Structure formats: C-alpha cells, structure tokens
Amino acid sequence: MRDFALIHLNGVRREIRGREALMMLAEWLRKEAGLSGTKIVCAEGDCGACTVLRASCRARSHSDQYLNFEAMNSCIATVAQMDGTHIVTVEGMQCGDHLSPAQEAMRKCHASQCGYCTPGFVMAISAMLERHDQADARTASNYLTGNLCRCTGYAPIVEAALTVRATEKHSVARRYSDPHLISESVSSTKLSMLVEYDGTKLFAPVSLREAVTFSAAHPGTRVLGAATDLGVQVNKGKPLPTSLLSLHLIPELYETKLTRSRVTFGSRVTLAEVRRVSQDVAPEFARFLNLFASPQIKNVATLVGNIANGSPIGDTLPFLLIAGGEVHVASRPGAKGVVRKRKIPMTELYVGYKKLALEIGEIITHISFDRTSAKEVMSLCKVTQRKDLDISAVSGAFSLTLKSILKASRNGKTTPYVVCARIAYGGVAATPLRMPEVELALQGELTTERIESAAHLIARSIKPISDVRGSASYRRVAAANLFRRFGNEVLRG
Ligand SMILES: Cc1cc2nc3c(=O)[nH]c(=O)nc-3n(C[C@H](O)[C@H](O)[C@H](O)COP(=O)(O)OP(=O)(O)OC[C@H]3O[C@@H](n4cnc5c(N)ncnc54)[C@H](O)[C@@H]3O)c2cc1C
Ligand code: FES
Ligand code: FES
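Please read these numbers as outputs of a predicted model, since none were measured by experiment.

*Asks:* Give me the side chain of asparagine 73: which residues, what numbers.
*Replies:* Turning to its location among the elements, asparagine 73 is positioned in strand β4 (residues 70–73). Overall, asparagine 73 belongs to the buried group, its relative accessible area being 4%. Only 3.1 Å separates the side chain of asparagine 73 from the backbone oxygen of glycine 45, close enough to count as a polar contact.

*Asks:* Requested: an account of the site of ligand 1, with residues and values cited.
*Replies:* Taken together, 30 residues surround ligand 1, and among them Val223, Gly225, Ala227, Thr228 and Thr302 come closest. In the environment of ligand 1, an oxygen atom lies 2.6 Å from a nitrogen or oxygen atom belonging to the backbone of valine 223. Note that an oxygen atom of ligand 1 is positioned 2.9 Å from one of the side-chain N or O atoms of asparagine 306. Bound to the protein, ligand 1 loses 87% of the 980 Å² it would expose on its own. Contributing elements (two or more residues each) for the shell around ligand 1: β8 (222–224), α10 (228–235), α14 (303–309) and β16 (363–370). Of all the elements, α14 adds the most residues to the shell around ligand 1, at 5 residues.

*Asks:* Quick one: what's the story with the pairing of strand β17 (residues 376–383), residue by residue and with numbers?
*Replies:* Most of β17 is tucked away: 7 of the 8 residues are buried. The pairing of β17 with strand β18 (residues 394–402) spans 8 bridges and is antiparallel. Directly across from cysteine 381, in β18, lies its bridge partner glycine 396.

*Asks:* Give a detailed account of the sheet that holds strand β10 (residues 256–258), specifying residues and quantitative values.
*Replies:* Here we have 5 strands laid out as an open sheet, ordered β10-β11-β16-β12-β13, and antiparallel in their pairing. Of all strands in the sheet, those with a lone pairing partner are β10 and β13 (340–345), marking the two edges. Across this sheet, the average inter-strand angle for adjacent strands is 20°, counted without regard to direction. In this structure, strand β11 (residues 262–266) lies alongside β16, joined through 5 bridges in antiparallel fashion. Directly across from phenylalanine 265, in β16, lies its bridge partner isoleucine 367.

*Asks:* Break down the nonpolar core for me, citing the residues and quoting the values.
*Replies:* Ranked by size, the top nonpolar core spans 43 residues in total, and within it Leu303, Ile307, Met346 and Phe369 carry the most contacts. Each of domain 1 (4–92 + 174–246) and domain 3 (255–492) contributes no fewer than three residues to this core. The contacts of methionine 346, once residues within four sequence positions are left out, are Ile307, Leu317, Leu320, Leu321, Gly325, Glu326, Val327 and Ile367. Membership of the second largest hydrophobic core comes to 35 residues, among which are Cys57, Ala111, Ala124 and Leu129.

*Asks:* Kindly report on the sheet that holds strand β7 (residues 200–204), identifying the contributing residues and their values.
*Replies:* Reading across the sheet, the 4 strands line up as β6-β7-β9-β8 and stay open at both edges, with mixed pairing between neighbours. Each of the sheet's edge strands pairs with one partner strand only, and the pair in question is β6 (193–197) and β8. Taking each pair of neighbouring strands and ignoring which way they run, the sheet shows an average axis angle of 20°. Both β8 and strand β9 (residues 243–246) contribute to a ladder of 3 bridges, which runs parallel. Within the sheet, the bridge partner assigned to leucine 224 lies in β9 and is serine 246.

*Asks:* I'd like a description of α10, backed by residues and values.
*Replies:* Along α10, the residues classified as buried are Thr228, Leu230, Gly231, Val232 and Val234. The secondary structure elements touched by the buried residues of α10 are β8, β9 and α13 (295–298). Glycine 237, located one to two residues past α10, shows a positive phi value of around 110°.

Reading the values: rules and limits
- Residues numbered from 1 in each chain as written.
- Chains lettered and ligands numbered in written order.
- Predicted model: local features only at pLDDT ≥ 70, side-chain atom pairs only at ≥ 80, totals over all residues.
- Heavy atoms only, no water.
- Helix = DSSP H or I, 4+ residues; strand = E, 2+ residues; numbered from the N terminus.
- Buried < 20%, exposed > 50% of the residue type's maximum accessible area, 1.4 Å probe, protein only.
- Polar contact = N/O pair within 3.5 Å; in protein donor to acceptor, adjacent residues only side chain to side chain.
- Near = heavy atom within 4 Å.
- Areas by Shrake-Rupley, 256 points an atom, 1.4 Å probe, with all protein chains shown as cover.
- Pairing = 2+ DSSP bridges.
- Axes fitted to C-alpha atoms, helices over the stretch in contact; angles between N-to-C directions.
- Core = buried A, V, L, I, M, F, W, Y, C linked by side-chain atoms within 4.5 Å.
- Domains from an automatic or database assignment.
- Contact = heavy atoms within 4.5 Å.

Listed below in structure tokens is the structure:
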C-alpha cells in the first residue's frame, strides 16, 4: 500500500502525501509546486483558465509509444486523483528559449490583453495540436469551447488557433513520453493508495473486491469518478467528505465491450471516450454528447458519474432510459467470498430526487445499453438558454421503430406505421421519466392527430417544478413541443 500519489509534473517525478494530496490540483500547482502560470478564475470548471494537459498511464494500451495528452480543468480535481498520470502545465510548454507554437500564435495574433485567460487558451490550443497538425474552423472552435475570455472578443484567439501549426519538436507527447517514467507510473499504480489528512482518507484500491469491502466498512463513503461535482462543491466551501473512494486504479472499470446488440462501458470510461465509441453504435447519442460540457470536462468526467449524480436534468439519462440502459453494481463479498453483483434497469434506478436504488456500500461498475438499430428513428434534444455548455430546463429522448411496409393513403402518399415507441424526459419531475402510456398511445399509423394527442398526453402526465431555469408551465409547453417537432419531422420523412 502506498501513502502517496505519484504524478509526473512537466517530466519530474513527484510523490505527494497527506494534506497536499487532498488539495485541488490548480491550487496545489500554484501554492505548493510554485507553478503559478495556471490560473484560477471561476473554480467551477466553467472558464478553462486552469487548463492543463494530462495523460493517464492507466488507460494506456501496451502498443502506444506515446502518452495521450488531453486538456482538463485542474481547479475541480484533487491531486490524489492525478495518481499515475503525467501533467504538463503552461510552464512545461516552452522549448528552451522558444515559445511553443500555441504561445507564439497567441503572441503574433495579439490574442492576449489582460492575459489572465491566456495560459488556459495556450493549453487548449496545445491539446488540439496533439491531434491535429492544422485545424479547420469547426475543430478549432470545438477545442476552444471550454475557455472564456473577458477582453479580446475572441476573434484574435480563433485566428491564433486557425493559423497555428503543430511541430514535431514541440509535440507534448514526444517531449514527455519518457519510457522510464511511464513504466514507473505503471508499476507504482499496481499498488493501492491511501492518503490521509486531518480525519479525511482517500482510498484507491487496485481491485473491485477491495473497493466494495472498503465501501461496506465505511458507510457514507463518497465514490469518486472524476469528482467534477465534488470539486465544485468543495470550492464553494463545502468540506471534503471524510471517506473517499477513488476507482482509478481498477483496470476492469476502464473496459468497453461491444456485442451485436449491446454496448457496455466501465465506470471509469470518460464521456469523451463514450462519445467516440457511440459514433458507430449510437450515433444520435454521440451527436448529443457534443453539447455536453467542454472538452476539459468530457476528457475526465464519466458517464457513470452522470448517472450516479442522479440529477433529473442529467443529460445522458433520457437516452439511457429509452435505450434499455442497465447499471451493473457490485457489493461486499458474500459467504463464498465472491463479490456480489446485480443489474438494475435504468427505469428502476431513480426512486426520488437524486435518490438511487443502491444499497449501502454498493458501487456502480458498468453501464450497458442497446445499440441503436437501423430501423429506429431517434432524436435527443434539450432546451437550454444557450446552445453549448448549458444546463437543461427540459430534455427529451424519442425513438420510433417504423414498419417498413407503409400504408397507402387516399392521395397516393404513404404513411409511416409505429411498431414501437420509446419516450423519456428529463427536467419534468423529481426523477427522469420514461412514459409508457404515451408510448402505447403512439402505436399504429403515425398521423398529425396522433402526434397532437400524444403531445397533450405528455403535457398532462408530467409534474415539472418552477425554478431559475423555467416555470412549471413553460416546461410543460416545452416538453410537449419537443415531441411535436420530432413527430412532425418523422411524418414529413
Ligand atoms: C463545468 C461543468 C459542466 C457540466 N456540464 C454538464 C452537462 O452539460 N450536462 C450534464 O448532464 N452534466 C454536466 N455536468 C455535471 C457533471 O460533470 C456530470 O454529471 C459528470 O458526468 C460527472 O462525472 P464525474 O466522473 O465527474 O462524477 P463525480 O463527480 O465523480 O460523481 C458524481 C456522483 O456520482 C457518484 N459516483 C461516481 N461514480 C460512482 C460509482 N462508480 N458508483 C457509485 N456512485 C458513483 C459520486 O459519489 C457522486 O455522487 C457539468 C459539471 C461541470 C463542473
Ligand atoms: S478556474 Fe475556471 S475552469 Fe478552472
Ligand atoms: S485577455 Fe483578459 S480575460 Fe482574456
């Protein structure tokens, strides 16, 4: 058992213990590591000023020669969770006397005024250069969505991102993928880690058995995915829970399994990876995940964290409800010493506002759902105050399986026939909802009248609340209209 988190920071090995291991990474970089180039502005994961590059040795495949560096926000993750990773900050970007390509482009394009956001933009652009030698406008704006600037109006920053070119000499992966340091990280992270300070302990076991034994022995333990939720709460003054369980050292929780009909992701699989895999197996879900948070959040936050958070406006929940989602959970070994496992359908998971049907000590190991069938027409949508990176007031997931034989109508046109309908909503009750009554009512010939009556049934069946994102009556109208739009689009073909 180790009592320290091992990280490689700008290529230098660091063992971090006790109080420092439980600090947020950005604060630690600035106050303890003396690297104040990383800025903290919002401390909530929203502005990107604290962006650093991170490569995990745990999710690494043996054939990879180079580390896979991605951008993340350092303000809302503890240092202990960086165990086994390589972190590069803005101080690590310069090559001798030469600025990195991203730094040079920002300088040339006059893309910095007060300069507070600048290190974050440099790191976001550098993350882009790790994947794209030269970016088009869409790619550049995707990589920049997680960074805010109050001064420049963005045009010069976008210009910097469009004119910059990657160079081999400055590639972060090439500069920082030292095989010796990588094998050191890999071998250290084969040992469990326990860091403690002032009554708070964070345990990171290397096996599921240890994890469930610990969570059963410490009721009230907070399981950590990427801790994007916890990080925000702590920065707002909430104390760290006294017992934390990080699953980052358990290899089986990083797996992705595909069968002909189902997709399964381990609880450590990030939203960025889920989006990538879903492009082939659930394309509408992949498209929808483009609207989920920034790259800096998606590169670390997990799908299982979104599910376990249990918010009725969690973006992925309506999709998982209509896609036959099941969470796989594990708990303390039984009499024969075998870890107990069971599956809970998503439709039975939420039993009250942010309340899950998990027993004390149970942790989620995987989530599985159906591949989208070629016969389904699916639409996932959300109503927000702005298009990107916003929390939903209402979200909807709709799927219709249509019969291939179309009924001829009087004017010679054909009409689609609904064999199976699946409808779910978020933001319309204390829990996300699947709507079997509406689904039944939709079976049969799809007509304008049937769509209208389903929309009315939706409005009658939901019990939204009024809050800052919308009144109950607004949500009722929005929920019905989302379905109307979908139904009419299907009808028009
Ligand atoms: C800036 C920002 C933007 C965001 N944008 C969006 C957005 O667009 N849409 C959206 O829906 N959400 C959004 N979120 C919320 C959050 O990021 C997501 O819910 C994310 O998926 C959480 O993943 P995580 O790995 O960080 O989970 P964590 O924060 O680590 O965990 C969340 C909850 O799940 C529990 N948990 C985690 N893993 C397990 C497990 N294996 N077993 C049991 N319990 C577990 C934790 O104890 C905690 O209660 C945003 C958050 C931030 C900070
Ligand atoms: S300081 Fe704003 S995202 Fe971290
Ligand atoms: S230059 Fe001032 S915030 Fe961007």
